[in-house]
Amino acid sequence: MNAVRTLLEEHDHIVQEIDGGNDHGEDLHVLLTRDGRRTGHVLAIQVKSGGKYRRAKGYSIPVEDHYDDWRNSRIPVVGIVFDVETKKLYWVNLTAKLRSSKGTVKRVYIPRTSHLVSNSIPDFISAIERYIDSTGMRLRDFTLEEAFAAVSRALDGLDPNNVPNPLFEGWAELLFRHEVLMKRLARLVLQVCPLLLIASLLVFEWPYQVHFVTNYTDLNPVLSVGSLYILISWMVLTIFFELRAGRRPKETGNWLISISSLFLWIPVIDKGSSPGWMGESLVIASVLISHFGLLTLLTFYVKRELERRKRRPE
């Protein structure tokens, strides 16, 4: 068991030794990992050592009274024989062999080609992962304690909480294999969606804004509306990059809401029946606020970045 444990732990897999009173015929539970993260692939290992397990063309593990335990286990039970003379390890998937066999099986044979060494660990892990995935044996628990508890439950049958739903298992498998990438994409979508929403709103608003300016003033509608759109765009981009930096620009957000609710919605709901002075005042106010607001926004954030730059160590 020390040889098996050492070999697996050298490849960063998590090994738990089973208490000597275990009745299922396993010595070790192993949680497979990839890049330091548990993958949900779990196996049990029965370890044997000694000359009595050596055969002419390989090795064998006696089934004895573990036939039902190993065959019906909801995680693969792997048998490993340690050759004391050669100090080499050989393995077989006991669960797979017993499930594929017909009739009574007293021994499971291991060919000498099933050599388990450091160089063959990737092939061993791939074979076990493929078997687990093909039989729906993957366990998903968040803490190490929960995972090992699930392993123990799985020896008597799959935990109902871990039974896969075939309708969604394929999607979950895709997300599980690309979890880091999917999280990045989801975060990017959440950040970009508000920008696209604002852009769509401004495009929708454009004819209403131009009509409102033309209806109440003699100002150039493109320049008047354009200045308002520039301010709103700068505020939205400022909020976007502040959030990406981990800061919450509360004041800028409040001003964006106030300006948008006043200068974007009134032209849409206006039917041309408002007093002329009211519409003209709103247009002039939007132009003034756009220019001075943009100047204030740029001055405030440039100054803050300058202060942050001075505090930054060279």
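The structure this text deals with has already been given above.
Residues numbered from 1 in each chain as written. Predicted model: local features only at pLDDT ≥ 70, side-chain atom pairs only at ≥ 80, totals over all residues. Heavy atoms only, no water.

**Student:** Just checking my understanding: could you explain the overall build of the protein for this structure?
**Tutor:** Helices and strands together make up the secondary structure of the protein, namely 11 helices and 9 strands. For the protein, the proportion of its 314 residues judged to be buried stands at 39%. Taking as baseline every contact in the protein between residues at least 6 positions apart, the subset at least 24 positions apart corresponds to 64%. (Helix = DSSP H or I, 4+ residues; strand = E, 2+ residues; numbered from the N terminus. Buried < 20%, exposed > 50% of the residue type's maximum accessible area, 1.4 Å probe, protein only. Contact = heavy atoms within 4.5 Å.)

**Student:** Sorry if this is basic, but what is going on with a nonpolar patch on the surface here?
**Tutor:** Residues Leu219, Ile284, Leu288, Phe292 and Leu295 make up a contiguous nonpolar surface patch of about 480 Å² in total accessible area. As for its position among the elements, Phe292 is in helix α11 (residues 276–311). (Patch = residues over 30% accessible without salt bridge, like charges linked within 9 Å, V, L, I, M, F, W, Y side chains within 5 Å. Areas by Shrake-Rupley, 256 points an atom, 1.4 Å probe, with all protein chains shown as cover. Salt bridge = Lys/Arg side-chain N within 4 Å of Asp/Glu carboxyl O.)

**Student:** Got a minute to help me understand the pattern of salt bridges in this structure?
**Tutor:** Opposite charge on two side chains permits them to pair, given that their charged atoms come into close proximity. By the definition in use, this model includes 8 salt bridges. Between Asp83 and Arg54 there is a salt bridge whose closest N-O contact spans 3.2 Å. Of this pair, Asp83 sits in strand β6 (residues 77–83) while Arg54 sits in strand β4 (residues 54–55), and the two are 29 residues apart along the sequence. For Arg54, a relative accessible area of 27% translates into the label partly exposed. In this structure, the salt-bridge partner of Glu242 is Arg304, at a minimum N-O distance of 2.4 Å. Highlighted residues: Glu242 in helix α8 (residues 221–244) and Arg304 in helix α11, separated in sequence by 62 residues.

**Student:** Got a minute to help me understand α8 in this structure?
**Tutor:** Each turn of an α-helix holds 3.6 residues, which means side chains three or four residues apart point in the same direction. Helix length check: α8 (24 residues) gives 34 Å between terminal C-alpha atoms against 34 Å at 1.5 Å per residue, within 8%. Backbone nitrogen of Val222 and a side-chain oxygen of the N-cap are separated by 2.9 Å at the start of α8; the cap is Asn220. Looking at the residues trailing α8, positive phi occurs at Gly246, about 90°. (Expected span 1.5 Å × (residues − 1). Polar contact = N/O pair within 3.5 Å; in protein donor to acceptor, adjacent residues only side chain to side chain.)

**Student:** How should I be thinking about the pairing of strand β2 (residues 28–34) in this particular structure?
**Tutor:** The two faces of a sheet get side chains in turn, since along a regular strand they alternate between them. Where burial is concerned, most of β2 is hidden: 6 out of the 7 residues are buried. By the bridge criterion, 4 bridges tie strand β1 (residues 14–17) to β2 in an arrangement that is antiparallel. What sits directly across from Val15, in β2, is Val30. The hairpin formed by β2 and strand β3 (residues 37–49) contains 2 residues between the paired strands, and Asp35 there has a positive phi angle of roughly 55°. (Pairing = 2+ DSSP bridges.)

**Student:** Looking at this model, I keep getting lost on the side chain of Ser224. Mind explaining?
**Tutor:** Mapped onto the elements, Ser224 comes out in helix α8. When its relative accessible area of 6% is taken as the criterion, Ser224 is described as buried. Not counting the four nearest positions on each side in its chain, Ser224 is found in contact with Val213, Leu219 and Val287.

**Student:** Would you explain the sheet that holds β4 in this entry?
**Tutor:** Strands pair in a sheet through their backbones, by hydrogen bonds, and they do so in one of two ways: parallel or antiparallel. Overall, antiparallel pairing links the 3 strands, which are arranged β4-β5-β8 in an open sheet. Every interior strand has two partners, whereas the edge strands, β4 and β8 (107–111), have only one. By the bridge criterion, 2 bridges tie β4 to strand β5 (residues 58–62) in an arrangement that is antiparallel. Opposite Arg55, over in β5, you have Gly58 as the bridge partner.

**Student:** Would you mind showing me how to read the environment of Leu243 here?
**Tutor:** One can find Leu243 in helix α8. By relative accessible area, Leu243 is classed as partly exposed at 49%. Each C-alpha atom of the pair Leu243 and Gln191 lies 8.4 Å from the other, and the pair is 52 residues apart in sequence. With residues near it in sequence (within four places) discarded, Leu243 still touches Arg248 and Pro249.

**Student:** What am I meant to see in the side chain of Ser260 here?
**Tutor:** Tracing the sequence through the fold places Ser260 in helix α9 (residues 250–263). One polar contact links the side chain of Ser260 to the main-chain carbonyl oxygen of Leu256, over a distance of 2.8 Å. Here Ser260 is in contact with Ile232 and Trp265, once residues within four sequence places are set aside.

**Student:** Can you help me understand the nonpolar core in this one?
**Tutor:** Nonpolar side chains in soluble globular proteins tend to end up buried together. By size, the foremost hydrophobic cluster in this structure holds 23 residues, and its most contacted members are Ile45 and Phe124. Looking at this core, the element that brings in the most residues is helix α4 (residues 121–135), giving 6 residues. Once residues lying within four places of it in the same chain are set aside, the contact partners of Phe124 are Leu8, Leu43, Val78, Trp91 and Leu116. In this structure, Ile239, Leu256, Phe263 and Leu297 belong to the second largest nonpolar core, which totals 20 residues. (Core = buried A, V, L, I, M, F, W, Y, C linked by side-chain atoms within 4.5 Å.)

**Student:** For this particular structure, what's the right way to read the environment of Glu64?
**Tutor:** Secondary-structure assignment places Glu64 in the loop between β5 and α2 (67–72). Take Glu64: its relative accessible area is 60%, and that puts it in the exposed class. Between the C-alpha atoms of Glu64 and Arg107, which are 43 residues apart in sequence, the distance is 8.0 Å.

**Student:** Is there a simple way to think about the pairing of β8 in this case?
**Tutor:** Here β8 shows a buried face lined by Val108 and Ile110 and an unburied face lined by Arg107, Tyr109 and Pro111. The sheet contact formed by β5 and β8 spans 5 bridges and is antiparallel. Counted as the bridge partner of Pro62 is Arg107 from β8.

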